[in-house]
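What the coordinates show
What follows is the residue order along each chain.
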Amino acid sequence: MSKLLIHSICLLLCSVNIWAEANTNQFSLKVGAGQPFDFIWIKPGRFVMGAPESDKLAEADEKPQRLVQIEHGFYLGKTTVTLGQFRQFVQETGYKTDAETDQRPHYQGGHGWNATRHRFEGYYPQYTWRNPGWPMTDSFPVCDVSWNDAMAYCKWLGTKTTMKVRLPTEAEWEYACRAGTTNTFFTGNEPASLQGYANVPDVSLRRETREPVDASTFSFDDGYAFTAPVGSFKPNPWGLYDMIGNVFQWCADEIPESPPQRVLRGGCYNQNIELCRCAARGFGKTWSRYSYTGIRVALTP
Ligand SMILES: [Ca+2]
């Protein structure tokens, strides 16, 4: 066989592999006339979870680092759930979120931005997933949703597919966020490396809150003081958008406290640099909702 022929066969096989990869690592779920739900296939594998001892920004509960095996592949939302996707769920089911139903004194409503007073506040009845205090289009991430709301959303989406719809576990989330990387951020160890990859607490945010750009703030201006439309920034190495910043993402894991807490991952447009690291962990009660809590869905085939 000539060298040229062998070379041609190799090229053909390589191109077939690339074709297969490109066609099997994504999945799009169409629900009625609404925005399609795009998912990325996350292969099984192992990774080092948590923060190294040397990470001065890390909390004690991120340590020690340990090797974690992700036994089964799964699909993970390419973006967090959008306002348009959440509205479709509400229109079909009549669902009301915790912010809309909580009747306890001082717990009615959600968390939001008071533009007149230049501050975040809550809970107040005027703030819900429909209005966190700034203008949004249907491409913005839904926010002001609780873990209970996220679970109800998954249950509804589960009626649209034969796959199991759920929240990712905390380990699955960090595995997908790191996407084979091992640094503080999936872009490197320096906060500045996230520029262009995430909507984080930055110069834009501090301009609105009239607070100084201190050591807990990213020193660049990403153009968004509050949430940004999903997919506005570059993805991580596995093609997932907004894994860091924009809105925190509820995970399945329960922290056995009284009352039990659930894990939040990814940091957000608000807060600080520390919470925008791959290993950072946030916590919330099942009914907690903020203008920076959102949903990223996982699918099990
Ligand atoms: Ca920002």
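In what follows, the structure referred to is the one given above.
Calculation rules
Residues numbered from 1 in each chain as written. Predicted model: local features only at pLDDT ≥ 70, side-chain atom pairs only at ≥ 80, totals over all residues. Helix = DSSP H or I, 4+ residues; strand = E, 2+ residues; numbered from the N terminus. Contact = placed C-beta atoms within 7 Å. Pairing = 2+ DSSP bridges. Core = buried A, V, L, I, M, F, W, Y, C linked by C-beta atoms within 7 Å. Buried ≥ 20, exposed ≤ 12 C-beta atoms within 10 Å, placed from the backbone.

1. Observations concerning the overall build of the protein chain
Counting secondary structure elements, the protein chain contains six helices and 13 strands. For the protein chain, the spread of C-alpha atoms along the principal axes amounts to about 80 × 45 × 40 Å. Put simply, of all contacts in the protein chain between residues at least 6 apart along the chain, 63% involve residues at least 24 apart.

2. Looking at the sheet that holds strand 11 (residues 282-285)
If you trace the four strands from one edge of the open sheet to the other, you get 11-10-9-12, paired in mixed fashion. The open sheet has two edge strands with one neighbour each: strand 11 and strand 12 (293-294). One ladder, built from two bridges, connects strand 9 (residues 248-255) with strand 12; its direction is parallel. Considered in strand 12, the bridge of glutamine 249 is made with glycine 294.

3. Observations regarding the environment of proline 135
With respect to the helices and strands, the residue proline 135 is situated in the loop between strand 7 (119-124) and helix 4 (147-157). Separated by 92 residues in the primary sequence, proline 135 and threonine 227 place their C-alpha atoms 9.7 Å from one another.

4. Considerations on the nonpolar core
Ranked by internal contacts, the top residues of the largest apolar core, which has 70 residues, are Leu76, Val142, Ala150, Tyr153, Ala176, Ile295 and Val297. Those elements giving two or more residues to this core turn out to be strand 2 (37-42), strand 5 (74-77), helix 2 (83-93), helix 4, helix 5 (170-178), strand 9, strand 10 (261-265) and strand 13 (298-300). Top element by residues in this core is helix 4. It accounts for five residues. With near-sequence residues (within four places) excluded, isoleucine 295 lies in contact with Thr80, Val81, Val142, Val145, Ala150, Tyr153, Gln249 and Trp250.

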